[in-house]
Amino acid sequence: MTTDVPAPPVPSATSPALLLASTQDILGAVPYLVGFHPSDSLVVIGLRGRPPRCRLHLTVRWDLPLAPPGPGRLLPLLAEEGITQVIVVGYGPGTLVTPAMDLTVTLFRQSGVTVVDALRAEDGRYWSYTCSRADCCPADGTPYDRETGVVAAKATVHGLVALPDRQTLERSLDPVDGAERLAVRRATARVTRELRAGLAESDAPGGLAAEFVADGMARVRSAVALHASGGRLSDEEAVRLGFALAVVRVRDEAWALTADRAPTGDAVPADACLGLWRDLTRRLEPRFVPPAASLLGAAAWCRGDSALAGIALSRACDIDPGYSMANLLMCALRHLLPPRVLRDRMPTSQELDREMGAPRMAWLLPMIALLGEPEDCAE
């Protein structure tokens, strides 16, 4: 079973305010809230506040049919986030949606959560489980616009995307191929030879470790700034950053930035981190991907896009099942934790320096292990 939980993102001045004033608006907004047009799914929209000032606070999607514990795990999160009202939408045929809807609506009502509306949508038509008036909700359903409504237009203007389905979202992280893949392999071979030579020639391991870590952290900040300005790393720059992220201290510097804990206290554009880590996840050779994919998962989670976060973290775990950052974040997603739970505990760059101390050669062992891998392509 797949559960996508776009948890409450950090509010910003640029966050679009999607006004959900009708059933048409609700159905038009859901694909942009979860990132794709759902099918065979149950979606719960959590509202916070009191009418007429209710605000959409989170959106959760489950595959249908539901598997235990299903929506039951959501109740503690609703209480913690002060959510007292929900809208439930099921996508698919009645035989699939209705059993899940009955269970979910009963669960919420017994827990004191108000169900504002309960809907089923299929093939461009919707039905309401809370309305039995034939003049309002006919037996053959009510048509709605899935693509060009007011909410869809506003979401698109603000840069929100609704892909055709979850499979399309998964394919958006597929590795690059063809000439682009060949160019990355050649860059990987060049950088590998250079780093091997540098290690062989060094007679001061402590100094080499300090230099590599400092260079790696500078590369992280420079790469984020480049993406924030609309640029993109060259193949060689991407590969060098991939090697650097293998070092936990460098990766954690990137994690602090991604979690909006900038070392200088300056704001870090969320889209810059998201774009950078997505690009590296697709471009780097597979053995370099777990840190970049985990950082993409962290960036997507902080932004409220848990569908993308789950796909990115799964990519990291598929390559390295023991990668601790990916497993930690995946556990947080599965337990429906809001991103602030981890973000508020994320140390700053200065705190990391105090806790970890001076760079040591042992820090470079994961990077050195990458150097030992055979190259698929020599220049």
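Basis of the calculations
Residues numbered from 1 in each chain as written. Predicted model: local features only at pLDDT ≥ 70, side-chain atom pairs only at ≥ 80, totals over all residues. Heavy atoms only, no water. Helix = DSSP H or I, 4+ residues; strand = E, 2+ residues; numbered from the N terminus. Buried < 20%, exposed > 50% of the residue type's maximum accessible area, 1.4 Å probe, protein only. Contact = heavy atoms within 4.5 Å. Areas by Shrake-Rupley, 256 points an atom, 1.4 Å probe, with all protein chains shown as cover. Axes fitted to C-alpha atoms, helices over the stretch in contact; angles between N-to-C directions. Parallel < 35°, antiparallel > 145°, perpendicular 65-115°, else oblique. Left-handed = near helix turned anticlockwise from the far one by under 90°. Nonpolar A, V, L, I, M, F, W, Y, C, P; charged D, E, K, R; others polar. Polar contact = N/O pair within 3.5 Å; in protein donor to acceptor, adjacent residues only side chain to side chain. Expected span 1.5 Å × (residues − 1). Pairing = 2+ DSSP bridges. Right-handed = clockwise from strand over helix to strand, strands pointing away. Core = buried A, V, L, I, M, F, W, Y, C linked by side-chain atoms within 4.5 Å.

A. Summary view of the overall build of the chain. In terms of helices and strands, the chain carries 16 helices and seven strands. By the burial criterion, 48% of the 379 residues in the chain qualify as buried. Residue pairs in contact within the chain that sit at least 24 positions apart in sequence constitute 72% of those at least 6 positions apart. In the form shown here, the chain has an accessible surface area of approximately 17500 Å², with 54% of it arising from carbon and sulfur atoms.

B. Examining the packing of helix α9 (residues 248-258) against helix α15 (residues 349-356) more closely. Their axes nearest at 10 Å, the elements α9 and α15 cross at an angle of 155°. Here α15 runs roughly antiparallel to α9, going by the angle between their axes. Of the two possible hands of crossing, α9 and α15 adopt the one that is right-handed. Contacts from Arg249, Asp252 and Glu253 of α9 reach α15 at Ser349, Leu352, Asp353 and Met356. For the contact of α9 with α15, the class distribution of residues is two nonpolar, one polar and four charged.

C. Seen up close, unusual backbone geometry. The omega torsion of the bond from Leu64 to Pro65 falls at 0°, within 30 degrees of zero and hence cis. By secondary structure assignment, the location of Pro65 is in the loop between β3 (55-63) and α2 (75-80). Cis rather than trans, the peptide bond between Pro68 and Pro69 has omega equal to 0°. Locating Pro69 in the fold gives a position in the loop between β3 and α2. We note that Asp40 has phi near 45°; this positive angle belongs to a residue other than glycine. Checked against the element boundaries, Asp40 lands in the loop between α1 (23-34) and β2 (41-48). Judged by relative accessible area, Asp40 falls into the partly exposed class, the value being 36%. At Asp123, a residue that is not glycine, the phi angle is positive and equals roughly 50°.

D. View of the packing of helix α11 (residues 289-303) against helix α13 (residues 324-334). As a packed pair, α11 and α13 sit with axes 9 Å apart at the nearest point and diverge in direction by 30°. Judged by the inter-axis angle, α11 sits roughly parallel to α13. The hand of the α11/α13 crossing is left-handed. Facing Ser294, Leu295, Ala298 and Trp301 of α11, the residues of α13 in contact are Met325, Ala326, Leu329, Ala332 and Leu333.

E. Representation of the side chain of Ser349 within the structure. Relative to the helices and strands, Ser349 is located in helix α15. A polar contact is formed between the side chain of Ser349 and the side chain of Glu253, at a distance of 2.8 Å.

F. Up close: α1. Over its 12 residues, α1 extends 17 Å from the first C-alpha to the last, a length consistent with the 16 Å expected when each residue adds 1.5 Å. Buried within α1 are the following residues: Thr23, Asp25, Ile26, Leu27, Gly28, Ala29, Val30, Pro31, Tyr32, Leu33 and Val34. In the stretch just after α1, Gly35 is the one whose phi turns positive, near 95°.

G. A look at the pairing of strand β4 (residues 83-91). Along β4, eight of the nine residues are buried, which leaves the element largely enclosed by surrounding structure. Looking at chain direction, β4 and strand β5 (residues 114-122) are connected through seven bridges and run parallel. Looking at β5, one finds that Tyr91 is bridged to Ala121. Handedness of the crossover joining β4 and β5 through helix α3 (residues 94-110) is recorded here as right-handed.

H. Geometry of the nonpolar core. In terms of nonpolar packing, the biggest core is built from 65 residues, with Leu241, Phe243, Leu245, Trp277, Leu280 and Met367 touching the most fellow members. The leading source of residues in this core is α11, at nine residues. Counting 22 residues, the second largest nonpolar core, distinct from the first, contains Leu42, Leu77, Phe108 and Val115.

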